[in-house]
Amino acid sequence: MKYNPNFDVDTLLRTVESVSRQHPEGSPEDEALRVCAAALLFVRDDVRKLDEFREFFRKLTTPAVEGVKIAHTFVSREEAENWLASGAAQDGQLIRVGGQGFTVVDRGPKGLKLVRIPLPEELPPHKPGT
């Protein structure tokens with residue numbers, strides 16, 4: 001399930017309340033749900049706090065693969081090097097060259113350089129417990 005950046009706090013509070021009715025007052029579950037509800041109430045009425053919370057939650061729930069933003073894709077290393085030399089590249093940009101990941105590194109007076117960094121799809125699948 002994907003993160004919904006426009007979640008409705010009041011709907012969440014009603015859901016927390018509904019779930020809390022299924023647990024005895026004073027139970028660990030009741031306490032956890034009360035804390036969750038209090039946190040939602042804390043951010044609900046302050047737009048800045050709510051926006052900060054939405055961004056925090058997005059970062060927390062977005063899989064790393066979805067968080068990776070490729071700035072440019074090139075067929076060949078030569079094409080990527082030409083782009084790098086054009087002055088359009090910026091330090092930290094992630095690019096794909098022939099299916100492989102590279103990042104742009106600013107070496108100061110030596111200029112920009114492409115450094116190999118695997119993209120998420122190049123990595124072996126994660127095996128839980130290893």
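Just above sits the structure.
Residues numbered from 1 in each chain as written. Predicted model: local features only at pLDDT ≥ 70, side-chain atom pairs only at ≥ 80, totals over all residues. Heavy atoms only, no water.

J.: Whenever I open this one, the sheet that holds strand β1 (residues 72–74) confuses me. Can you help?
T.: Sheet strands line up and pair through hydrogen bonds in the backbone, either parallel or antiparallel. Across the sheet, which stays open at both edges, the four strands sit in the order β1-β2-β3-β4 with mixed pairing between neighbours. Of all the strands in the sheet, the pair left with one neighbour each is β1 and β4 (112–116). Taken pair by pair, the neighbouring strands of this sheet meet at an average axis angle of 35 degrees, ignoring direction. Bridge count for β1 against strand β2 (residues 94–97) is three bridges, and the pairing is parallel. Of the residues in β2, the one forming a bridge with Thr73 is Arg96. (Pairing = 2+ DSSP bridges. Helix = DSSP H or I, 4+ residues; strand = E, 2+ residues; numbered from the N terminus. Axes fitted to C-alpha atoms, helices over the stretch in contact; angles between N-to-C directions.)

J.: Quick question: what am I supposed to make of the nonpolar core here?
T.: Nonpolar side chains tend to gather and get buried jointly when the protein is soluble and globular. Counting residues in hydrophobic clusters, the biggest one holds 10 residues: Phe74, Ala80, Trp83, Leu84, Ala89, Ile95, Val97, Phe102, Val104 and Leu114. Elements represented by at least two residues in this core include exactly α5 (77–85), β2 and β3 (100–106). With three residues, the single largest contributor to this core is α5. Formed by nine residues, the second largest nonpolar core is a distinct cluster that contains Phe7, Val9, Val16 and Leu50. (Core = buried A, V, L, I, M, F, W, Y, C linked by side-chain atoms within 4.5 Å. Buried < 20%, exposed > 50% of the residue type's maximum accessible area, 1.4 Å probe, protein only.)

J.: What should I look at first to understand the pairing of β4 in this one?
T.: Two faces, one strand: in a regular strand the side chains alternate between the faces of the sheet. Pairing geometry for β3 and β4, over five bridges, is antiparallel. Paired with Asp106 across the bridge in β4 is Leu112. The antiparallel pairing of β3 with β4 creates a hairpin that spans five residues between the two strands, and Gly108 there sits at a positive phi of about 65 degrees.

J.: Just checking my understanding: could you explain the environment of Val43 for this structure?
T.: Within the secondary structure, Val43 sits in helix α2 (residues 28–44). For Val43, a relative accessible area of 9% gives the class buried. Separated by 11 residues in the primary sequence, Val43 and Arg54 have C-alpha atoms spaced 9.7 Å apart. Here Val43 is in contact with Lys49, Leu50 and Phe53, once residues within four sequence places are set aside. (Contact = heavy atoms within 4.5 Å.)

J.: What is the right way to read helix α1 (residues 9–20) from this model?
T.: One turn of the α-helix equals 3.6 residues, which is why residues spaced by three or four share an orientation. The end-to-end C-alpha separation of α1 is 16 Å, in line with the 16 Å expected for 12 residues at 1.5 Å each. Regarding α1, the residues found buried are Val9, Leu13, Val16 and Ser20. Down the axis of α1, the buried side of the element spans an arc of 60 degrees, and every buried residue falls inside it. (Expected span 1.5 Å × (residues − 1). Arc of directions from axis to C-beta.)

That is the geometry; function is a separate question.
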